[in-house]
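# Observations on the three-dimensional arrangement
Residues per chain are reported as follows:
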Amino acid sequence: MFARRRKHFGTPADKATYATLHTASLASPHLREGLTPAAAGKASRHLRDLLGTAAIAICDSSGVLAWDGVGGPYESNHRRDAKDLAAPTLRSGRTAVLGAHDVACGDPQCPIRTAVVTPIVTEERVVAVLVAYSNNTSAALVRATEEVARWVSGQVELAELNKERTRAMEAELRALRAQISPHFIYNALAAIASFVRTDPERARELLLEFADFSRYALRRGGEYTTLADELRNVERYLVLEQARFGDRLKVSLQIAPEVLPVVIPFLVVQPLVENAVRHGLEGTTGVGNITIRARDQINEAEISVEDDGAGSDPEVIRAALSGESGSDSVGLGNVDARLRQVYGDTYGLVVETAVDAGTKVTFRIPKYSSGVHASP
Amino acid sequence: MSPAISLTAIGLVVVATIGIGLFGLRISRTTSDFYVASRAVSPRWNASAISGEYLSAASFLGVAGLVLVNGADMLWFSVGYTVGYLMLLVLVAAPLRRSGAYTLPDFAETRFESPVVRRICAGLVVGIGTLYLLPQLHGAGLAVQTVTGAPPQVGAMIVAVIVVINVAAGGMRSITFVQAFQYWLKLTALATPIFVILLAWHQPVGVLDSLHGAAAEWAEPLSRAGGRDHPLYATYSLLLALCFGTMGLPHVLVRFYTNPDGRAARRTTVVVLALLGLFYLFPPMYAVLGRTFAPDLVGAGGDTVVLELPGRVFPGTTGDLLGALVAAGAFAAFLSTSSGLTVAIAGVIDQDLLRSRLHRWTGGDYVAVNSFRIAALIAMIVPYLAFTVTGALSLADTVGLAFALAASTFCPLLVLGIWWRRMSTTGAAAGLVVGGIAASAAALVNVAGAPEGGWPRALVGQPAAWTMPLAFLTVIVVSKLTPHRIPAGTARSMVRLHTPEAVDVDRGLPSR
Amino acid sequence: MQSLIQSQLRLTLVVIGSVVLVLGSIPLLFWLVPPTRTLSVLGLPLPWVVLGILVYPVMYVAARIYVRNAERIEAEFTEFVGRQ
């Protein structure tokens, strides 16, 4: 009976474990943000609680990220020296135990006489060190400091992972944003609406095209498709644009059938065509010619979209590609970023343009790239 | 034989080939019709193109010559060239297409996730391609020599230069339509003289005298007419090399990429079988007629029988015209196969060996197209140099060695890679190395001067019967010994290779 | 999945087996039964008829049979997976 009750509340050892876990749990959310000075500062208080030392510091190669413990003149003295103490461990990745000779500041009142310097390692790289100051170093303290540093390393690694995931989500978001432009939806629906009374049969056909286009653009899963499928979608898009522009929109195609099975990131051609339609036709009353080419270049396919419209200032395009401006060339920057992300920096968009000279956008796709496969 | 007419015909072939490639298609392809533009290459067109690229000098000239000299055993050459596609069909066609690989090194990378295996494959592609280009140059030299009397180096040089310029000038040679045209040109060139001869004789049986009677020993299989020892072994070994080497030829896989899916890849292969069967009906006829009309060629190696036969049967204008047609067909054979091979080899040299180095040497200041051009030049210079050094080997024999090398390296890699899930990366590498060394050692001994006779000569002359099982065995044993080196993505690869495209499954989307 | 690969592999092996049996036995036949080397069929020696003409249609038919069966296996698999 008695024994059971004791078990219920826990042994002293259990209680210590719970306290430790609780303290650790307080520190972890801060560390999950990564090793920024702010996060390190907030976490360091809990880390010192875990170790029970006079003071701790977290240093990276740039200096002291965080300090917790004794304050006043002691802090400023030891803070100044911390970078030098940390340097050997930052380099070697080995725990260093430093005695009074290296650490003590000369003030007999100072509680800091020794230090344990342990590395914080992520992906086999020393990113920072944890320094535990006390007046006396024991083997237990060294062990505890090492364990805490290892735990911090784990948390920082998780933080890196979180960042990766955020980056992936951003990429996905970019892809989503490329899928469909509100500008186009509005114009397409307006064009369809204009046929509803005069030519209901055509309006119906256009609506079906629009439905197919949306289904392709909003499909779930799979980042890649074949050039043949992408071109089929470009066709749907152009049918809808032709409803709006009529005979003013002229399209010619030069497609080498050999490259139709090439796997490409989903929705990379359509935004370029949309861009060409906008540059070639909007704002003028004349005829706009758009040429879509796909050539077989042995190991690669070369795809280009050209219009004979107003062209633009190369500087504006440069800004659009680097993602700076929210101008009307949003599609370009998006496609460029996705191509580079998948195939590397040598596979971005090449834009040839000048004012009043039309625009030609070209890109290359390797026929085979490891890890790139079409999904049905 | 009239050099002027033949040279004109050859010139026409060259101009037509380059012309169609550079200008014709660019104009005809412009359309505003999406339905037309986004239609994939149909199995029929693609099959014509594969056959056009595949039927090389060895098929056009070599087979007839071999049969003429060595008799019925050599019929196995054309049988083997054809059965190779049946093996390719049942073992690798659809899965290979579904792998998404464009070159053989691509397949190695996607299946074994190893840059080392990829690099070995790249080296082997260059090796097999060189061994296969060698007889093309040899054939071109022979053709020009027969027509004009110029030394063989001239014809080889002409083909080498045309191919390099054509390939480097934009690689237009990979166009399906051009290669498909080459098939029908070759078939017409080979078939027309035979039909004319048979029609002119009214009584075809008289033409077939060489197959019967006392002088017909050459027409019997296993007769040692060609002075070969162990004909049974040689026949089996040759058959093995041809049947299982085809799938490892660098220019074949590249064409399969053009198929939209695995199903189309299979259907294409079936059409290829029909087209090759049709073509191979004719070379033996040249041999039979050659025994009657040009028996002196038997002693001269026989490789020129196709070129000379029309002139022997019809002295005069008819013979000249038919001879010119055959010479044009032969040139089409050198051009199409050499171009296809050069494109395939140069692609691999460019991608796997040259581009990264060029990037490093020039600090990124290079143009990708230039890298390919240099690669095309290398791809042709190496076999040309080898040609000037060797030269004496018979056409179909050298091709046989190229097939043996392919059968001993890429065949185990592909077959086991596609069907055996316990194949390890180390096993793949070991098989490639062992098979490659064994088969190329045999090839080198042949080039340097084969052993005098008996078993050594048979084993070295037709190595596939021992090198191919050796390679398979190496892969299996080493894979069993290194189970921890089985690629982590094997299960995913298997799903991708074997699942029909219509099924919506997780096909293992990118890990990036 | 495993069953798909296995039935495809079985089909492949059956085709290869038949080809090896048919083609492989031809040289053996000539080797063991010498009269077949000179036997005349339709005015042509048997080896020439078999190796020069007959093999090609036979290969083509074998390929057609293979493709039909391989596509049937895939269609069954697709239907099975689709139903799940």
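Residues numbered from 1 in each chain as written. Chains lettered and ligands numbered in written order. Predicted model: local features only at pLDDT ≥ 70, side-chain atom pairs only at ≥ 80, totals over all residues. Heavy atoms only, no water.

What counts here: UniProt positions are given in the numbering used here, feature names are shortened, and annotations may be inferred rather than shown by experiment.
In the nomenclature of an unreviewed UniProt entry, chain B corresponds to Cation acetate symporter from the organism Kribbella sindirgiensis. Recorded in UniProt for chain B, the comment headed Sequence similarities (unreviewed entry) runs: "Belongs to the sodium:solute symporter (SSF) (TC 2.A.21) family."

Taking an unreviewed UniProt entry as the reference, chain A is identified by name as Sensor histidine kinase belonging to Kribbella sindirgiensis.

### A few points about the overall build of chain A
Under the convention used in this document: Numbered from the N terminus, helices here are DSSP runs of H or I no shorter than four residues, and strands are runs of E no shorter than two. Classification of residues uses two cut-offs on accessible area relative to the type maximum, computed with a 1.4 Å probe and protein chains only: under 20% is buried, over 50% is exposed, and between them is partly exposed. Contact definition: two residues touch when any of their heavy atoms are within 4.5 Å. Note that accessible areas follow from Shrake-Rupley with a 1.4 Å probe, and for residues the cover is restricted to the protein chains shown.
Within chain A, the secondary structure is distributed over 12 helices and 12 strands. For chain A, buried positions account for 47% of its 376 residues. In chain A, once contacts between residues fewer than 6 apart in sequence are set aside, the share between residues at least 24 apart is 66%. Surface summary for chain A: the accessible area is close to 18,500 Å², and the carbon and sulfur share equals 52%.

### Considerations on the overall build of chain B
Helices and strands together make up the secondary structure of chain B, namely 22 helices and one strand. A total of 512 residues make up chain B; the buried ones form 62% of that total. Pairs at least 24 apart in sequence give 84% of the contacts found in chain B among residues at least 6 apart. As displayed, chain B offers around 17,100 Å² of accessible surface, 67% of which is attributable to carbon and sulfur atoms.

### A look at the confidence of the model for chain B
Where we set the bar: On a range of 0 to 100, pLDDT expresses the predictor's confidence in each residue.
Averaged over all residues, the pLDDT of chain B equals 81, while 84% of them reach at least 70. Here residues 505–512 of chain B is modelled with pLDDT under 50, and outside its nearest four sequence neighbours on either side it reaches 24 contacts, counting other chains as well.

### Description of the sheet that holds strand 1 (residues 55–60) of chain A
Residue and element names in this part refer to chain A. Just so we agree on the cut-off: Only when DSSP finds a minimum of two bridges between them are two strands counted as paired. Here an axis means a line fitted to C-alpha atoms, over the contact stretch when the element is a helix, while the angle between two N-to-C directions is reported on a 0 to 180 degree scale.
Here we have five strands laid out as an open sheet, ordered 2-1-5-4-3, and antiparallel in their pairing. Each of the sheet's edge strands pairs with one partner strand only, and the pair in question is strand 2 (63–69) and strand 3 (96–98). Averaged over neighbouring strand pairs, the angle between their axes works out to 20° when direction is ignored. As judged from the six bridges shared by strand 1 and strand 2, these two strands associate in the antiparallel manner. Bridge pairing links Ile58 to Ala66 in strand 2. In the packing of helix 4 (residues 72–92) onto the sheet, contacts are made with strand 1, strand 2, strand 3, strand 4 (114–122) and strand 5 (125–134), and the angle to strand 5 comes to roughly 135°.

### Considerations on the packing of aromatic side chains
Quick note on the threshold: Here the aromatic set is Phe, Tyr and Trp, taking the six-membered ring for Trp, and pairing holds for ring centres within 6.5 Å; pairs whose planes are under 30 degrees apart are stacked, those over 60 apart are edge-to-face, and all others are tilted. Remark: a charge is flagged as sitting over a ring if the NZ atom of Lys or the CZ atom of Arg is within 6 Å of the ring centre and within 35 degrees of the ring normal.
For the structure shown, the criterion picks out 18 aromatic pairs over all chains. Ring centres of Tyr183 of chain B and Trp184 of chain B lie 4.9 Å apart, and the angle between their planes is 85°; this geometry places the pair in the edge-to-face category. Residue Tyr183 of chain B is classed as buried on the basis of its relative accessible area of 0%. What links up through ring pairs into an aromatic cluster is the set Tyr54, Phe60, Phe77, Tyr81, Tyr85, Tyr132, Phe279, Tyr280 and Phe403 of chain B together with Tyr56 of chain C. Geometry around Tyr257 of chain B places Arg97 of chain B over its ring, the cationic atom sitting 5.0 Å from the centre.

### Comments concerning the packing of helix 15 (residues 305–313) of chain B against helix 16 (residues 317–361) of chain B
Residues and elements named next belong to chain B. We count it as follows: If an angle is under 35 degrees, it is roughly parallel; if it is over 145, roughly antiparallel; if it lies from 65 to 115, roughly perpendicular; otherwise it is oblique. Each crossing is labelled by how the near helix is turned from the far one, with a counterclockwise turn of less than a right angle marking it left-handed and a clockwise turn marking it right-handed. Residue type decides the class: Asp, Glu, Lys and Arg count as charged, Ala, Val, Leu, Ile, Met, Phe, Trp, Tyr, Cys and Pro as nonpolar, and the leftover types, Gly among them, as polar.
Running from N to C, helix 15 and helix 16 point in directions that differ by 170°, and their axes come no closer than 7 Å. One finds that helix 15 runs roughly antiparallel with respect to helix 16. For the element pair helix 15 and helix 16, the recorded crossing hand is right-handed. Contacts between helix 15 and helix 16 involve Val306, Leu307, Pro310 and Gly311 on the former and, on the latter, Gly319, Leu322, Gly323, Val326, Ala327 and Ala330. Among the residues making up the contact of helix 15 with helix 16, the classes are represented as seven nonpolar, three polar and no charged.

### Side note on the side chain of Thr353 of chain A
Residues and elements named next belong to chain A. For clarity, the threshold we go by: The definition of a polar contact used here is a pair of N or O atoms within 3.5 Å, where within protein one atom must be able to donate a hydrogen and the other to accept one, and adjacent residues in sequence count solely through side-chain atom pairs.
Here Thr353 lies in strand 11 (residues 350–353). By relative accessible area, Thr353 is classed as buried at 16%. Within polar-contact distance, the side chain of Thr353 engages the backbone oxygen of Gly358 at 3.0 Å. Within the structure, the side chain of Thr353 is placed 3.3 Å from the side chain of Thr359, a separation counted as a polar contact. Aside from chain neighbours lying at most four places away, what touches Thr353 is Gly311, Ser312, Pro314, Ile317, Gly358 and Thr359.

### Regarding the interface of chain B and chain C
Put simply, the rule is: The term buried area denotes the loss of accessible surface (1.4 Å probe radius) that occurs when two parts are joined, taken as the sum for both partners. Whenever a carboxyl oxygen of Asp or Glu lies within 4 Å of a side-chain nitrogen of Lys or Arg, that contact is scored as a salt bridge.
Facing the 45 residues of chain B at the interface are 43 residues of chain C. Here chain B packs against chain C, burying approximately 4,000 Å² in sum over the two surfaces, 78% of which is carbon and sulfur. When residues of chain B are sorted by the area they lose upon contact with chain C, Trp76, Arg266 and Trp419 of chain B head the list and together hold 15% of the total. Taken together, chain B and chain C are joined by four salt bridges.

### Quick look at the nonpolar core
Counted only if it meets this: We define the nonpolar core as a collection of buried residues of types Ala, Val, Leu, Ile, Met, Phe, Trp, Tyr and Cys that are connected through side-chain atoms lying within 4.5 Å of one another.
Ranked by internal contacts, the top residues of the largest apolar core, which has 244 residues, are Val269 and Ile292 of chain A together with Tyr54, Phe60, Tyr81, Met247 and Leu413 of chain B. Take this core: its biggest share by element is 19 residues, from helix 16 of chain B. The residues contacting Leu413 of chain B, other than those within four sequence positions of it, are Phe107, Ala108, Phe112, Val117, Cys121, Met423, Ala428 and Leu432 of chain B.

### With respect to helix 5 (residues 75–98) of chain B
Residues and elements named next belong to chain B. Under the convention used in this document: A helix is expected to span 1.5 Å multiplied by its residue count minus one. Across the chain, bend at a residue is computed as the angle between axes fitted to the seven residues ending at that point and the seven starting from it.
Relative to the 34 Å expected for 24 residues at 1.5 Å per residue, helix 5 spans 34 Å between its end C-alpha atoms, a close match to the ideal helical length. Of all the bends in helix 5, the largest measures some 55° and sits at Val92, one to four residues before the proline Pro95. Of all the 24 residues making up helix 5, 24 are buried; the element is thus mostly covered by neighbouring parts of the structure. Just downstream of helix 5 lies Gly100, where phi reads positive at about 80°.

### Things to note about the pattern of salt bridges
Residues and elements named next belong to chain A. Overall, the coordinates contain 25 salt bridges over all chains when judged by the stated rule. Asp229 is paired through a salt bridge with Arg232; the nearest N and O atoms lie 2.9 Å apart. Here Arg232 and Asp229 lie together in helix 9 (residues 227–245), a separation of three residues that amounts to about one turn. Assessed through its relative accessible area of 34%, Arg232 is described here as partly exposed.

### A few points about the packing of helix 9 (residues 176–201) of chain B against helix 16 of chain B
Residues and elements named next belong to chain B. Axis separation between helix 9 and helix 16 bottoms out at 9 Å; the angle between their running directions is 150°. Classified by the angle their axes make, helix 9 and helix 16 are roughly antiparallel. Crossing hand, helix 9 versus helix 16: left-handed. Here Gln179, Gln182, Leu185, Lys186, Thr188, Ala189, Thr192, Pro193 and Val196 of helix 9 lie close against helix 16, whose contacting residues are Leu322, Leu325, Val326, Gly329, Ala332, Ala333, Ser336, Thr337 and Gly340. Its residues assigned to classes, the contact of helix 9 with helix 16 shows nine nonpolar, eight polar and one charged.

### Regarding the environment of Val164 of chain B
Residue and element names in this part refer to chain B. Within the secondary structure, Val164 is located in helix 8 (residues 152–168). On the accessibility criterion, Val164 (13% relative accessible area) is buried. When the C-alpha atoms of Val164 and Ala379 are compared, they prove to be 8.7 Å apart, with 215 residues separating the residues in sequence. The contacts of Val164, once residues within four sequence positions are left out, are Ala169, Ala376, Leu377 and Met380.

### Quick look at the pairing of strand 10 (residues 300–307) of chain A
All names here are of chain A. Taken across its eight residues, strand 10 has six buried, putting it largely inside the fold. Note: strand 9 (residues 288–297) against strand 10, eight bridges, orientation antiparallel. By the bridge assignment, Ile292 is partnered in strand 10 with Val305. The antiparallel hairpin formed by strand 9 and strand 10 contains two residues in its connecting segment, where Ile298 sits at a positive phi of about 60°. Here eight bridges tie strand 10 to strand 12 (residues 359–366), and the two strands are oriented antiparallel to one another. In the strand pairing of strand 12, Asp307 is matched with Thr359.

### Focus: unusual backbone geometry
A positive phi is found at Asp356 of chain A, a non-glycine position, where the angle reads about 65°. Here Asp356 of chain A lies in the loop between strand 11 and strand 12. Asp356 of chain A sits in the exposed class, given a relative accessible area of 66%. Phi angles above zero are rare outside glycine, and Glu113 of chain B is one such case at about 50°.

### Notes on the confidence of the model for chain A
Any region with low pLDDT has predicted coordinates that should not be read closely. For chain A, mean pLDDT is 81; residues scoring 70 or higher make up 89% of the total. Low confidence marks residues 1–7 of chain A, where pLDDT is under 50. Its contacts with residues over four positions away, or in another chain, come to one contact.

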